[in-house]
Each structure stands twice: as C-alpha cells, then as structure tokens.
Amino acid sequence: GEDVEQSLFLSVREGDSSVINCTYTDSSSTYLYWYKQEPGAGLQLLTYIFSNMDMKQDQRLTVLLNKKDKHLSLRIADTQTGDSAIYFCAETPYNFNKFYFGSGTKLNVKP
Amino acid sequence: EPEVTQTPSHQVTQMGQEVILRCVPISNHLYFYWYRQILGQKVEFLVSFYNNEISEKSEIFDDQFSVERPDGSNFTLKIRSTKLEDSAMYFCASIDAGGSSYEQYFGPGTRLTVT
C-alpha cells in the first residue's frame, strides 16, 4: 500500500512561521489533504490540493507540492498558540477509494 | 454549514457484544468512509462506500465488520463480536466528489470502549 510519512514533532515560537512536511509514495494522480486535530477532538479539514498543482494559499496557510520528490508541505504564517495541535497529511488516488494518513506532526507553539 | 454527525459519542460494551455505530453524512455527498484511531496513534482507513456498495476495505475490516446505508441518510458500522483491541475512536467521513468539491469532512467520532 501507499506510505505517507511525517516528522513527529515541531516546536515554534508564537508569531513565527511553521512548516510541516509530508512525503508520499503514490506515483499516479492523487489528492493530498491537510487536517488539524486538537486534543480529544475530531479531524478538521484545513485544505487540499490536487497533484497537478504546485501551490495553494488560503489565508495563513500555504501548501507547496513538489511532485517530482513527492513532498508536500504546510506552512502556517504568524503561528498562534491556538495552532497547537496534531497535523495530519493524507493522500487519496483520483477514485477516492482509500485514504492513506501520515502519523501526524505534533505542533507546539510557545508563547 | 453542513456537517457529518455521529452517534453515540461514547459507547461502552462488553467483549463479544455487537455494536452499531451510526453516522449521518452530508446530504449531497457520494462517498462515505469509516476510520478508526487508537488512542495516540494515526488515523487508519477501514472502508469506503460508494453507490450503495463497498469500494475498498482495509485488512483491518475483517468479517467482524460490516457497513450499511439502510436509508438515504444513515451510514452504519457494525462490529459483530467486539474484542478488547477494537477500543478506539471511530470516525465517519464523506466527500462530494461529484462536482468541483473534493473536501472530505469528518464527524466528531464515537469513542468505543470494550471491557
């Protein structure tokens, strides 16, 4: 099956930018998603990108996709303490039959 | 804003008992999913459902599991004979994917505790 990898932890100071990275293995057309999970809560969709795009921006969030290296990143500008959470990237092929999730990156924002 | 709902929020059951977890996906969505998340671990895909049948299932989704869409709104996950290791959060999700939106929304989850 497909493999989605993320680093486990990231710590930043409030006001700095955070960059959370993800790598995936699927070589065909795919959709890639970012989710946020706060303690004891469900998964909140942040954004998604199709693999024929290089970048997508939505307010403080910027997604960059390097399709050649199968590398996806989520940049959070002006990180706030409320951004502290676990961030999951996920991949699905074009037919949406199955989603593959990474292990999640725990973002800690220090005041 | 439309949302995916799940009931109950917490289910406690004894080993060997059957449980049914219920979900109401977003009404115009076409693809439905069940996932589980063991405490502190990653989200694991269980099964996808499209056009009234299973599209794909993972190796976790063995004969103890089944899914149904009994009417136009509900989507259920049944575990026939629960084991201790079935204790986890179970999330339902849905996607439109029929138009220009491919946003997958998750429900709040059902915490299943098997004793």
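Asks: Help me understand the layout of surface pockets, please; the structure alone is not making it clear to me.
Replies: Empty space left among the atoms is revealed by rolling a probe the size of a water molecule over them. Size it by volume and the largest pocket reaches roughly 590 Å³. What lines the largest pocket is a set of 28 residues, and nearest its centre among them are Gln37(A), Ile86(A), Gln37(B), Gly40(B) and Gln41(B). Residue assignment for the lining of the largest pocket shows that the elements contributing at least two residues are β9 (85-93) and β11 (105-110) of chain A together with β9 (88-95) and β11 (110-114) of chain B. Class assignment for the residues of the lining of the largest pocket results in 14 nonpolar, 10 polar and 4 charged. Within this model, the second largest pocket holds a volume of roughly 260 Å³. The wall of the second largest pocket is formed by 15 residues, among which Lys98(A), Tyr100(A), Lys42(B), Phe45(B) and Glu59(B) lie closest to the centre. If you list the elements that add at least two residues to the lining of the second largest pocket, you get β10 (100-101) of chain A together with β5 (44-50) of chain B. A breakdown of the residues in the lining of the second largest pocket according to their chemical character gives 7 nonpolar, 2 polar and 6 charged.

Asks: Is there a simple way to think about the pairing of strand β3 (residues 19-24) of chain B in this case?
Replies: The side chains of a regular strand alternate between both faces of the sheet. Residues and elements named next belong to chain B. Only one face of β3 is covered, namely the one carrying Val 19, Leu 21 and Cys 23; the face carrying Ile 20, Arg 22 and Val 24 has none of its residues buried. In this sheet, β3 lies alongside strand β1 (residues 5-7) in antiparallel orientation, the contact comprising 3 bridges. Among the inter-strand pairings, Thr 5 is bridged to a residue of β3, identified as Val 24. Here β3 pairs with strand β8 (residues 75-79) via 5 bridges, running antiparallel. By the bridge assignment, Leu 21 is partnered in β8 with Leu 77.

Asks: Whenever I open this one, the state of the cysteines confuses me. Can you help?
Replies: Where two cysteines share a covalent bond between their sulfur atoms, that bond is called a disulfide. Within the structure shown, the criterion is met by 2 disulfides over all chains. Between the sulfur atoms of Cys22(A) and its disulfide partner Cys89(A) the distance amounts to 1.9 Å. The sign of the S-S torsion, about 70°, decides the handedness of the disulfide formed by Cys22(A) and Cys89(A): right-handed. Of this pair, Cys22(A) sits in strand β3 (residues 18-24) while Cys89(A) is found in strand β9, placing the two residues 67 residues apart along the sequence. The same class applies to Cys22(A) as to Cys89(A), namely buried. Cys23(B) shares a disulfide with Cys92(B); S-S distance 1.9 Å. Its S-S torsion of about -65° marks the bond between Cys23(B) and Cys92(B) as left-handed, since a negative value means left-handed. With Cys23(B) in strand β3 and Cys92(B) in strand β9, this residue pair connects regions lying 69 residues apart in the sequence. On the basis of relative accessible area, Cys23(B) is assigned to the buried category, the value being 1%.

Asks: What is the right way to look at the side chain of Thr92(A) in this model?
Replies: Along the polypeptide, Thr92(A) turns up in strand β9. On the accessibility criterion, Thr92(A) (0% relative accessible area) is buried.

Asks: Hey, could you run me through the sheet that holds β3(B) in this one?
Replies: Whenever strands of a sheet pair, they do so through backbone hydrogen bonds, lying parallel or antiparallel. All names here are of chain B. Pairing within the open sheet is antiparallel, and its 4 strands lie in the order β1-β3-β8-β7. Whereas interior strands pair on both sides, the edge strands pair on one side only; in this sheet they are β1 and β7 (65-68). On average, each strand axis in the sheet is inclined to that of its neighbour by 20°, with strand direction left out of account. When β7 meets β8, the two strands line up antiparallel, connected through 4 bridges. From the neighbouring strand, Phe 65 faces β8, where its bridge partner is Ile 79.

The rules we used
- Residues numbered from 1 in each chain as written.
- Chains lettered and ligands numbered in written order.
- Predicted model: local features only at pLDDT ≥ 70, side-chain atom pairs only at ≥ 80, totals over all residues.
- Heavy atoms only, no water.
- 1 Å grid on protein atoms, 1.4 Å probe; cavity = no way out; pocket = protein on both sides within 12 Å on 5 of 7 lines; lining within 4 Å.
- Points joined across faces, edges and corners; volume = space filled by probe spheres on them.
- Helix = DSSP H or I, 4+ residues; strand = E, 2+ residues; numbered from the N terminus.
- Nonpolar A, V, L, I, M, F, W, Y, C, P; charged D, E, K, R; others polar.
- Buried < 20%, exposed > 50% of the residue type's maximum accessible area, 1.4 Å probe, protein only.
- Pairing = 2+ DSSP bridges.
- Disulfide = S-S within 2.5 Å.
- Axes fitted to C-alpha atoms, helices over the stretch in contact; angles between N-to-C directions.

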